[in-house]
Every structure is written in C-alpha cells, then in structure tokens.
Amino acid sequence: MEPLIIGVLASGRGSNCAALLHRIEEDEIPAKIAAVISNNQYAGVLQIARDNSIPAYYIERNQFETGDEFSQALEKIFDQHKINFMVLAGYLRKVPPRIIRRFANRMLNIHPALLPDFGGKGMYGHAVHEAVLKSGSTVSGATVHLVDEEYDHGPIILQREVLVLPNDTPDLLAARVLQVEHRIYADAVRLFAEGRVIVEGRTIRILDPCE
Ligand code: GRF
C-alpha cells in the first residue's frame, strides 16, 4: 500500500497540523507530512513546519496574475514532494477546483461542528460556535470530511460529539471542540493511511483493521 505523503494547507496557528504530526512521530500513522503551505506568511503553522524541518511555503492567490498560475505553483510543490494526500487544517481560502480534482477522495477538511449543520460559506472560527450557542443545541462536535467543490459538503469520514454546557461561551465551546478535532483528524488520516476507507459516491465505508 502506497504510504501517505501529506501536504497541509492552513491559514492559522496550526494546532491540528501539530496534533497530526505528533501522532505520525509516535509511529501511530504510517504517513509523513512532506510540505506545509499557507496563504498567511505569519501563520503559526509555518513556524511549526520549520521547527520540524518540514518544507514550509507561503503562497497566496494574489501573488499570481491568474488562478491557473496559482494552481500551477501549488502543483509544482505537490509534484516536487510527491504529495498524494491533502489535509486542510484551518485553510480559509477556497481550494482551486483543479487541485480538488487532483486529490479527489484524497483531500480532507476538519470543521468545528456537526455537519451538515453549522457549515457553509462564512461558517468558520467563532461564527460557528456562536451559531451553535444561539441555536440552543445541547451538542456540538467536530467533523472530518472529504473535500468537494462546495464548502463543508463532501462525504463525512468521522464525527464526534461534545456537550454544550449551560455557561458556554464561544471560546469555551471552541476549546472543547478543538480537543476532539485533534483526535479525530489524526484518526481519520490514519484510516486512509491504513487503506480502510472505501468511498462509493457519498457513501463511506470504514473497514475493520486487518490483523
Ligand atoms: C479549527 O477549529 C478547524 O476546525 C477549523 O479551523 C481551526 C484551525 O485551527 N477549520 P488550527 O489552526 O488547526 O489550530
């Protein structure tokens, strides 16, 4: 089975990337992170990559005249590092369609709520947790899903719930959800690394581990 050679796209502090890296370094996931790319030159995730000797790239759409040139620059990195799997970890830009096609069924995203609720355009960061609290919902959670051309829409791989507590603020809820994100994102990558995910359209089947 081909090992996962992962590219990470992220815009911010990078705690999900760090959690994944930790699980890989603990030899729990047969994979490596080969490159980290951010649209934000000050993103913490780039520093995490550098600290771990992972190639770190700042690439933003507005550095290029056309969307095609932007995609080509990304693809050059994917080719150079032989990247065969993508992880979006708080990437606040739309991924070019050509890249989504290149990694069809091989690109994951994490969302800090229970999709299909509280997802879609504009639903990121605190907006998600504020909407959950406003709705009066007593549970929230995190969702790992495949990426397709619509925001927060691809088939769901893993979900885990957390309780919404009576005195929750968006910050408190975000922190509780984040702990779950760190676990299930790495768990989901592991399922792919072990070849245990079968995608049939929007249906996902998870195979038992082979002993
Ligand atoms: C996470 O809450 C993730 O669900 C969302 O963006 C946030 C990224 O956090 N997509 P971090 O940069 O991984 O710490």
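Model, not experiment: these values are computed from the prediction.

Caption draft 1: Quick look at the side chain of Glu75. Looking at where Glu75 falls in the secondary structure, it is placed in helix α3 (residues 67-80). By relative accessible area, which is 12% here, Glu75 ends up buried. Within polar-contact distance, the side chain of Glu75 engages the side chain of Arg98 at 2.6 Å. Apart from the residues within four sequence positions on either side, Glu75 is in contact with Arg98, Ile99 and Arg102.

Caption draft 2: Seen up close, the environment of His22. Position of His22 relative to the elements: it lies in helix α1 (residues 15-25). Residues His22 and Ala186, spaced 164 residues apart in sequence, show a C-alpha to C-alpha distance of 9.2 Å.

Caption draft 3: Quick look at the layout of surface pockets. Approximately 920 Å³ is the volume attributed to the largest pocket. Along its surface, the largest pocket is lined by 40 residues, and Gly90, Tyr91, Leu92, Ile110 and Tyr124 are the ones closest to its centre. Among the residues forming the lining of the largest pocket, the class breakdown is 15 nonpolar, 16 polar and nine charged.

Caption draft 4: Representation of the site of the ligand in the model. What surrounds the ligand is the set Arg13, Gly14, Ser15, Asn16, Gly90, Ile110, His111, Pro112 and Glu181. Between the ligand and Arg13 there is a distance of 2.5 Å, counted from an oxygen atom to a side-chain nitrogen or oxygen. Within the backbone of Ile110, an N or O atom sits 3.1 Å from a nitrogen atom of the ligand. Calculation on the ligand without its partners gives an accessible area of 370 Å², and the protein chains cover 85% of this total. Its atoms largely coinciding with the cavity grid, the ligand occupies the largest pocket. A class-by-class count of the residues in the shell around the ligand yields two nonpolar, five polar and two charged.

Caption draft 5: Just the packing of helix α5 (residues 126-135) against helix α6 (residues 170-193), in detail. Two elements in contact, α5 and α6, have axes whose closest approach is 9 Å; the angle formed by their N-to-C orientations is 110°. Between α5 and α6, the crossing angle belongs to the class labelled roughly perpendicular. In this structure, α5 contributes His126, His129, Glu130, Val132 and Leu133 to the contact, and α6 contributes Pro170, Asp171, Leu173, Ala174 and Val177. Of the residues contributing to the contact of α5 with α6, the split by class is six nonpolar, two polar and two charged.

Cut-offs used in this document
Residues numbered from 1 in each chain as written. Predicted model: local features only at pLDDT ≥ 70, side-chain atom pairs only at ≥ 80, totals over all residues. Heavy atoms only, no water. Helix = DSSP H or I, 4+ residues; strand = E, 2+ residues; numbered from the N terminus. Buried < 20%, exposed > 50% of the residue type's maximum accessible area, 1.4 Å probe, protein only. Polar contact = N/O pair within 3.5 Å; in protein donor to acceptor, adjacent residues only side chain to side chain. Contact = heavy atoms within 4.5 Å. 1 Å grid on protein atoms, 1.4 Å probe; cavity = no way out; pocket = protein on both sides within 12 Å on 5 of 7 lines; lining within 4 Å. Points joined across faces, edges and corners; volume = space filled by probe spheres on them. Nonpolar A, V, L, I, M, F, W, Y, C, P; charged D, E, K, R; others polar. Near = heavy atom within 4 Å. Areas by Shrake-Rupley, 256 points an atom, 1.4 Å probe, with all protein chains shown as cover. Sits in = over half its atoms within 2 Å of the grid points. Axes fitted to C-alpha atoms, helices over the stretch in contact; angles between N-to-C directions. Parallel < 35°, antiparallel > 145°, perpendicular 65-115°, else oblique.

All quantities given are derived from atomic positions and should not be read as evidence of function.
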